[in-house]
Protein chains: 4
Amino acid sequence: MGDNTIGTRFKITSFGESHGKVVGIVIDGTPAGLELDINFLLSELEKRKTSQSSLTTSREEPDIPEILSGMLDGKTTGAPICLIIHNKDVDSSKYEKYKDFLRPSQIDYSLLKKQGGFGDFRGSGRFSGRLTAGFVMAGAIAKQVLQKYGISVFSYTKRIGTISDETVYDVRNLYNLFELRENSLVRALDHELSKKMENSIKKVKLEKDSLGGVIKCVVSGLPEGVGGPMFNSIESNLAKAIFSIPAVKGIEFGAGFKATTMKGSEHNDPWVVKDGKITTLKNDSGGIIGGISIGTPIEFNVGFKPTPTIGKLQKTVRLSTMEPVEMAFSGRHDPCIVPRAVVVVEAMTAIVILDFLLLEGKIPTVLKP
Amino acid sequence: MGDNTIGTRFKITSFGESHGKVVGIVIDGTPAGLELDINFLLSELEKRKTSQSSLTTSREEPDIPEILSGMLDGKTTGAPICLIIHNKDVDSSKYEKYKDFLRPSQIDYSLLKKQGGFGDFRGSGRFSGRLTAGFVMAGAIAKQVLQKYGISVFSYTKRIGTISDETVYDVRNLYNLFELRENSLVRALDHELSKKMENSIKKVKLEKDSLGGVIKCVVSGLPEGVGGPMFNSIESNLAKAIFSIPAVKGIEFGAGFKATTMKGSEHNDPWVVKDGKITTLKNDSGGIIGGISIGTPIEFNVGFKPTPTIGKLQKTVRLSTMEPVEMAFSGRHDPCIVPRAVVVVEAMTAIVILDFLLLEGKIPTVLKP
Amino acid sequence: MGDNTIGTRFKITSFGESHGKVVGIVIDGTPAGLELDINFLLSELEKRKTSQSSLTTSREEPDIPEILSGMLDGKTTGAPICLIIHNKDVDSSKYEKYKDFLRPSQIDYSLLKKQGGFGDFRGSGRFSGRLTAGFVMAGAIAKQVLQKYGISVFSYTKRIGTISDETVYDVRNLYNLFELRENSLVRALDHELSKKMENSIKKVKLEKDSLGGVIKCVVSGLPEGVGGPMFNSIESNLAKAIFSIPAVKGIEFGAGFKATTMKGSEHNDPWVVKDGKITTLKNDSGGIIGGISIGTPIEFNVGFKPTPTIGKLQKTVRLSTMEPVEMAFSGRHDPCIVPRAVVVVEAMTAIVILDFLLLEGKIPTVLKP
Amino acid sequence: MGDNTIGTRFKITSFGESHGKVVGIVIDGTPAGLELDINFLLSELEKRKTSQSSLTTSREEPDIPEILSGMLDGKTTGAPICLIIHNKDVDSSKYEKYKDFLRPSQIDYSLLKKQGGFGDFRGSGRFSGRLTAGFVMAGAIAKQVLQKYGISVFSYTKRIGTISDETVYDVRNLYNLFELRENSLVRALDHELSKKMENSIKKVKLEKDSLGGVIKCVVSGLPEGVGGPMFNSIESNLAKAIFSIPAVKGIEFGAGFKATTMKGSEHNDPWVVKDGKITTLKNDSGGIIGGISIGTPIEFNVGFKPTPTIGKLQKTVRLSTMEPVEMAFSGRHDPCIVPRAVVVVEAMTAIVILDFLLLEGKIPTVLKP
């Protein structure tokens with residue numbers, strides 16, 4: 001009910017279903033005069049795509065977007081940009097097969113209670129991770145605008161299951177990190193840990209089980225003074241957007257939950273002068289104090305639960321008879337969604353940050369040539 | 001800039017400053033016909049009050065609210081309710097003293113960059129935790145409405161610094177938990193751990209240092225089918241509201257970040273039939289799947305950083321000369337904000353949940369007598 | 001900049017351009033379980049179509065919509081419905097020809113000042129009346145939902161230029177009025193006046209000039225008690241939506257501007273009891289008092305200016321030289337937009353009324369079968 | 001239900017009741033650093049005050065505002081400004097007397113249907129014109145900001161009942177017009193017509209009847225390129241705000257409803273070059289084309305119905321018995337609300353225009369000293 005639009009000046013509206021005709025997004029508020037880099041858009045979609053490696057679902061979706069509006073001669077016009085991707089490899093047979101059973105920690109029961117019998121349950125319908133392809137397209141456009149103003153958004157896999165990368169990377173050099181990440185199937189930065197993560201996913205796949213993980217996200221180049229206290233703090237708006245990504249169960253900024261175990265004297269970031277500019281010695285605040293950016297990189301972690309649909313036997317209920325049963329739910333699912341979600345976290349972040357900058361007049365609505 | 005209002009059908013607008021005349025709130029959307037229990041309102045404010053124990057700040061604020069509108073003959077009329085609390089014990093002398101220094105991890109630099117020289121910096125102005133008195137008043141009203149529909153919101157201190165309560169309480173019996181909590185100075189549930197937490201706060205206070213912690217919040221009695229996928233999921237809207245509380249650095253639902261280390265087969269909550277009703281064996285999902293309530297209690301943790309203003313020497317910068325200095329910032333601050341924030345987390349949660357129920361037509365705009 | 005979405009629970013997002021690939025609309029908030037009547041949707045579009053008679057523009061657009069999402073087995077699922085119409089008969093040659101001239105009372109200068117050189121000026125781009133095809137599609141869906149709850153929205157041409165129909169029709173019998181209207185090329189109700197209106201349009205077309213007019217709109221069957229005082233009054237929200245239709249210059253409810261010349265004793269609508277129910281003797285209030293429906297039909301007039309683009313010589317300015325010139329701007333335009341706008345006024349009205357009813361819980365989000 | 005807030009970046013929230021403790025407003029989004037001119041604020045309230053002449057209601061309200069927040073050392077801080085006015089001369093005796101009767105064209109029936117028995121009906125509660133005192137205070141602040149950027153908002157009484165001022169004033173010289181207006185009890189510009197209007201009000205007062213009228217509003221100095229097509233056009237947002245003023249029944253921009261009788265060749269405003277700048281020869285468009293400002297003054301008319309509560313005998317219904325009755329409703333009401341509404345129309349206009357300029361980054365959030 002009117003829940004598929006987010007943003008004020010940079011506003012996205014999601015439509016489409018996992019097993020419907022298309023997945024789509026309307027992007028309203030892109031500054032006019034942006035020369036859209038379609039190859040970048042495609043490379044972003046590539047990062048979210050199915051079948052990109054042995055670690056991901058076998059559903060085959062080429063994910064070629066079609067631009068329906070908002071462009072003229074390769075440039076944005078300031079009008080809403082509608083982008084769609086046609087669904088190709090739809091297999092709703094599993095839906096019929098499992099219709100009478102509640103998959104544990106899947107949206108079957110939620111949908112039933114929300115929608116009664118009416119709703120598109122096939123492939124999880126509107127709840128499917130597939131919808132995030134729309135987020136990625138909007139994010140790709142937002143990133144291109146931000147890039148023009150020296151702002152970068154970067155995420156990587158910090159943890160898969162119990163394998164965690166605790167290295168503190170120098171997030172002021174995102175280009176190096178980007179290269180490291182692109183060499184990793186799971187989008188981690190450390191080569192050795194990446195291999196371990198890959199193996200843990202392969203192992204869990206054989207076990208017909210699944211894993212979750214943590215994605216770290218960094219925004220660098222954001223000017224100071226963006227955001228505000230109260231209800232439109234940077235944290236408030238980022239958190240709202242990030243929790244719209246399926247399977248997210250937690251978000252923490254800066255030192256996050258670790259901060260809860262620290263003393264003030266440890267957690268506080270001392271102010272220093274560097275190259276004539278005020279900054280902080282470390283960044284446990286995650287670049288935000290009082291809901292407002294302080295010029296250091298925005299840093300936050302996002303926690304993903306393990307994929308709920310697994311092939312292992314699980315206890316559940318047969319709806320028609322209300323009997324307890326044990327079921328194994330096969331299907332085409334990622335044993336771990338985290339590697340493909342890296343670019344989705346970046347996208348939602350870029351969308352929120354661009355909205356802030358447009359709203360505060362820090363990026364104009366018509367780009368200078 | 002227009003950032004002090006939140007909600008759609010149950011909407012609150014915050015005003016006032018830490019060292020101004022008042023702290024206030026306009027509450028728009030309370031159903032008509034509610035007999036307001038003023039004693040309950042006062043008891044809620046009492047839980048957030050300063051000087052409630054040796055563990056809290058020495059600022060003396062009686063916090064007696066005045067109702068300016070929206071009531072007739074002790075009942076709500078459906079019109080906006082404006083509540084104010086007059087500030088009494090204002091001491092802005094520290095502000096003058098420290099004006100030229102940036103307090104580490106405090107909002108001085110943010111305010112400077114956001115507002116230039118213009119702004120009310122005294123006592124952190126609009127960024128002060130004192131503003132949450134308004135949230136608590138709105139929350140007290142929201143709770144009274146929810147109560148009529150069998151919905152309870154309950155929070156407790158789960159961790160102070162490194163002392164953590166890992167017990168899994170039976171959150172279907174909130175009344176018992178409430179009693180346990182009210183016997184604890186830090187609003188914990190376990191008597192022994194409570195004492196340890198108190199001592200750790202006392203110790204850190206002597207050291208002129210500070211502590212953070214974790215508050216757990218539970219919503220019980222919420223009907224199934226509330227919320228939705230995408231941008232108005234229960235998690236999205238709760239997170240947005242919770243991050244408007246000063247010092248919050250993280251939020252996690254259900255198993256939260258722990259879920260990121262679990263396998264699907266461990267994390268998934270098996271469906272079972274209990275008393276003829278479908279429910280789950282455990283609640284690692286935190287009562288929400290696909291952004292929608294499933295009838296089990298909503299459960300989430302909120303992480304607070306340690307109070308940034310401490311009396312210990314800290315490295316920082318003198319603004320007028322851009323010199324590095326070491327400063328100790330005295331002032332009247334809680335060594336740990338967590339015990340007083342317990343009722344604030346409850347308040348923001350009640351506000352969001354009531355907004356959902358009004359928006360979805362599950363609570364009417366005029367209460368039956 | 002984020003201006004292409006309207007509504008709270010029933011929310012539409014417009015995209016597309018006059019001379020772009022498509023005109024489209026995302027409709028978010030249609031209750032689930034509605035069996036969509038496609039023929040009705042087509043017949044509504046037919047009423048707005050170009051080339052429907054000698055009185056309208058010669059642009060040939062079959063206007064066949066494609067449904068991209070939100071439907072399953074012919075029923076709505078509660079998910080956003082995206083509908084597009086492919087533009088067929090695009091002729092942007094005129095745009096090149098007139099690029100250096102400002103058409104009087106057309107959007108050239110506005111676009112220039114708003115967008116600089118960047119924007120889609122072809123066929124008026126986002127400002128074109130063609131975009132209202134999207135409104136009509138959303139309106140057709142809203143009307144089908146309203147119909148299930150006994151609510152009808154009906155408009156007719158009350159005036160073309162100086163020919164005005166001052167008859168007070170019995171708006172409680174909309175079916176009869178509908179039949180009368182469908183027999184009129186200009187969508188008037190009086191046969192004789194209709195002929196006169198047609199002739200005045202033909203005459204003005206030969207003169208290479210244009211006409212405006214007034215559309216009256218009626219909503220019948222709306223329950224009492226919908227709306228509210230202040231900023232979400234029925235008038236406020238209807239007016240906001242109606243002014244988004246190109247060429248609208250005025251709106252008045254009930255007796256409207258005529259009320260400004262009446263005494264209170266004349267204008268006041270006496271309360272009476274009819275069939276055991278309270279109602280009014282007449283309806284000068286237009287069915288709304290204090291922003292709230294009183295159960296009598298909602299009635300309002302919408303004023304349209306004459307089509308600005310005309311073939312007559314007009315004074316204007318050549319941009320490149322800033323010289324005064326006289327120009328005749330040919331192109332494919334309706335000499336009077338009013339007959340085609342009748343269904344557009346209905347559409348925006350239905351959209352707003354459905355939003356109110358969903359928001360106030362008077363229409364459920366899942367329709368009973 | 002959440003309907004008492006309007007605006008995006010400059011946002012006002014109304015609270016209070018006609019016969020309650022206060023009338024109040026929270027103004028969120030005033031740029032920081034504005035030296036508030038309290039005398040101007042008072043003079044604006046003076047223009048809306050009761051008992052300002054023999055033509056207005058006898059209720060005696062000094063209307064002295066109290067500033068609760070958002071100011072420091074006489075300057076705005078960027079924080080929400082809360083202003084209240086205490087109600088003094090409350091007489092709710094009439095409410096008891098007429099409780100069982102529906103006043104024709106008054107809000108009794110609307111309130112009954114909306115609120116059931118619960119609501120504050122005294123003095124029309126939230127529906128009272130008295131609430132517009134809050135609008136006037138917010139408008140006074142908005143005007144002061146606009147003034148700094150060379151933008152003026154000016155209204156005058158164009159018609160009372162059948163006495164209409166059809167002169168086309170030179171709205172580029174608002175200062176002269178302001179002086180003329182302040183010499184008129186009814187806030188008209190023509191001395192002779194003003195006297196006639198006064199007399200018509202006196203006459204109707206003796207007859208225990210009432211009159212309506214038309215207020216014309218002009219915004220001068222607004223830069224070009226403000227606003228947009230679709231749902232946030234200048235007309236859309238102004239209309240939404242203006243219809244929140246009680247008794248408004250119509251709004252028309254530029255030539256308005258008269259435009260509906262003109263040909264395109266008459267109505268179109270020719271573009272000309274004047275002092276090296278592009279402008280129009282006349283202003284039938286009312287300064288807005290395509291929802292966007294073109295640099296000429298914004299001009300619109302607002303129609304007010306006659307005051308509904310009159311002392312004459314009227315037909316109505318006794319609620320308890322559902323019998324028809326004839327009643328005369330005495331009370332303290334203006335025989336014509338128009339003269340006092342002039343400043344209210346200005347206020348709502350200034351609020352909307354400032355919101356546009358803040359949103360589009362044309363006025364900064366911190367004013368330069």
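Every chain begins its residue count from 1, and numbering advances along the sequence as written. Each chain gets a letter, beginning with A, and each ligand a number, beginning with 1, in the order they are written. It should be noted that, the model being predicted, local features are given only for residues of pLDDT at least 70 and side-chain atom pairs only at 80 or more, the latter also being counted only at that level, while totals for whole chains, interfaces and linings use all residues. Side-chain descriptors were evaluated using all non-hydrogen atoms of the structure, hydrogens and water having been removed beforehand.

Overview of the sheet that holds strand 8 (residues 152-160) of chain C
To be explicit about the condition: Here, strands pair whenever DSSP counts at least two bridges between them. Segments assigned H or I by DSSP are reported as helices when at least four residues long, segments assigned E as strands when at least two residues long, and all are numbered from the N terminus. Here, residues are in contact when the closest pair of their heavy atoms is within 4.5 Å. Angles run from 0 to 180 degrees between N-to-C directions of axes, and those axes are lines fitted to C-alpha atoms, restricted for helices to the stretch in contact.
Read across the sheet, 10 strands follow the order 9(C)-8(C)-10(C)-16(C)-11(C)-11(D)-16(D)-10(D)-8(D)-9(D) without closing on themselves; strand pairing throughout is antiparallel. The sheet terminates laterally at strand 9 (163-164) of chain C together with strand 9 (163-164) of chain D, the two strands that pair on one side only. Summarising the sheet, strand 8 of chain C and strand 10 (residues 213-220) of chain C pair through 8 bridges and their orientation is antiparallel. Note that in strand 10 of chain C the partner of C:Thr157 across the bridge is C:Ile215. Where helix 6 (residues 191-206) of chain D meets the sheet, its contacts fall on strand 8 (152-160) and strand 9 of chain D, and the angle it forms with strand 8 of chain D comes to roughly 60°.

Re the interface of chain C and chain D
We count it as follows: As a working definition, buried area equals the accessible area (1.4 Å probe) given up by two parts on being put together, with both sides summed. In the sections that follow, a salt bridge refers to a side-chain nitrogen of Lys or Arg positioned within 4 Å of a carboxyl oxygen of Asp or Glu. Any pair of N or O atoms that falls within 3.5 Å is considered a polar contact. Within protein, one atom must be able to donate a hydrogen and the other to accept it, and sequence-neighbouring residues count only if both atoms are side-chain atoms. Residues were grouped as follows: Ala, Val, Leu, Ile, Met, Phe, Trp, Tyr, Cys and Pro as nonpolar; Asp, Glu, Lys and Arg as charged; and all remaining residues, including Gly, as polar.
At the interface, 97 residues of chain C touch 97 residues of chain D. Summed over both sides, the interface between chain C and chain D buries roughly 7,800 Å², with carbon and sulfur atoms accounting for 63% of that surface. The largest contributions to the chain C side of the interface with chain D come from C:Phe231, C:Lys249 and C:Trp271, which together make up 11% of the buried area. Counting across the interface, chain C meets chain D through 6 salt bridges. As a salt-bridge pair, D:Lys113 and C:Glu224 come within 3.6 Å of each other at their nearest N and O atoms. Our enumeration of links across chain C and chain D arrives at 45 residue pairs in polar contact (both at pLDDT 80 or more). In terms of residue class, the side of chain C that touches chain D is made up of 41 nonpolar, 35 polar and 21 charged. Where strand 11 (residues 248-253) of chain C and strand 11 (residues 248-253) of chain D come together, 3 bridges link them in antiparallel fashion. Looking across to strand 11 of chain D, one finds that C:Gly250 is bridged to D:Glu252.

A few points about helix 4 (residues 132-148) of chain B
Test applied: A helix's residues, less one, multiplied by 1.5 Å, set its expected span. Note on exposure labels: buried denotes an accessible area under 20% of the residue type's maximum, exposed denotes more than 50%, and partly exposed covers the range between, all computed with a 1.4 Å probe on protein chains only.
For helix 4 of chain B, spanning 17 residues, the distance from its first C-alpha to its last is 24 Å, which sits close to the expected 24 Å at 1.5 Å a residue. Burial analysis of helix 4 of chain B places 15 of its 17 residues in the buried class, the great majority of the element.

Focus on the relation of the copies chain A and chain B
Applied cut-off: To line up the copies, we fit them by least squares on C-alpha atoms, keeping just the residues with pLDDT of at least 70 in both.
The transformation that overlays chain A on chain B combines an axial shift of 0.0 Å with a rotation of 180°, and the residual RMSD is 0.0 Å. One copy is carried onto the other by what is essentially a two-fold rotation axis. By residue overlap, the copies meet face to face through one surface: 100% of the interface positions of chain A are interface positions in chain B.

Comments concerning the pattern of salt bridges
Residue and element names in this part refer to chain B. What the rule picks out here adds up to 100 salt bridges over all chains. Across the salt bridge formed by Arg48 and Asp63, the nearest N and O atoms sit 3.7 Å from each other. With Arg48 in helix 1 (residues 38-48) and Asp63 in the loop between helix 1 and strand 4 (65-67), this residue pair connects regions lying 15 residues apart in the sequence. Accessibility expressed as a relative area gives 3% for Arg48, which makes it buried. Overall, the relative accessible area of 2% leaves Asp63 in the buried class.

Some points on the sheet that holds strand 4 (residues 65-67) of chain C
All names here are of chain C. The sheet built from 5 strands is open, its strands ordered 1-2-3-7-4 with antiparallel pairing. Two strands close off the open sheet at either side, each with one partner strand: strand 1 (5-6) and strand 4. Relative to strand 2 (residues 11-16), strand 1 runs antiparallel, the two sharing 2 bridges. Of the residues in strand 2, the one forming a bridge with Thr5 is Thr13.

Let's talk about the side chain of C:Ser220
All names here are of chain C. Within the secondary structure, Ser220 is located in strand 10. For Ser220, a relative accessible area of 15% puts it in the buried group. Residue contacts for Ser220: discarding those within four places in its chain leaves Gly150, Ile151, Ser152, Val171 and Leu174.

A short note on unusual backbone geometry
All names here are of chain A. Backbone geometry at Arg187 places phi at a positive 65°, although glycine is not the residue there. Mapped onto the elements of the fold, Arg187 is located in the loop between helix 5 (174-182) and helix 6 (191-206). Classification of Arg187 by relative accessible area gives buried; the value is 8%.

Digging into the interface of chain A and chain B
By convention, interface size is frequently given as the accessible area that disappears when the constituent parts associate. On the chain B side, the residues contacting the 97 residues of chain A number 97 residues. Three residues stand out in chain A for area buried against chain B, namely A:Phe231, A:Lys249 and A:Trp271, and they jointly supply 11% of the buried area on that side. Linking chain A with chain B are 6 salt bridges. Note that A:Glu207 is salt-bridged to B:Lys263, the shortest N-O span being 3.1 Å. Applying the counting criterion to the chain A and chain B interface returns 45 residue pairs in polar contact (both at pLDDT 80 or more). For the side of chain A that touches chain B, the class distribution of residues is 41 nonpolar, 35 polar and 21 charged.

Looking at the pairing of strand 18 (residues 323-328) of chain D
Residue and element names in this part refer to chain D. As paired elements, strand 17 (residues 313-318) and strand 18 share 6 bridges and run antiparallel to each other. Bridge pairing in strand 18 links Lys315 to Glu326. Between strand 17 and strand 18, which pair antiparallel one after the other, the connecting turn spans 4 residues, and Met322 there sits at a positive phi close to 60°.

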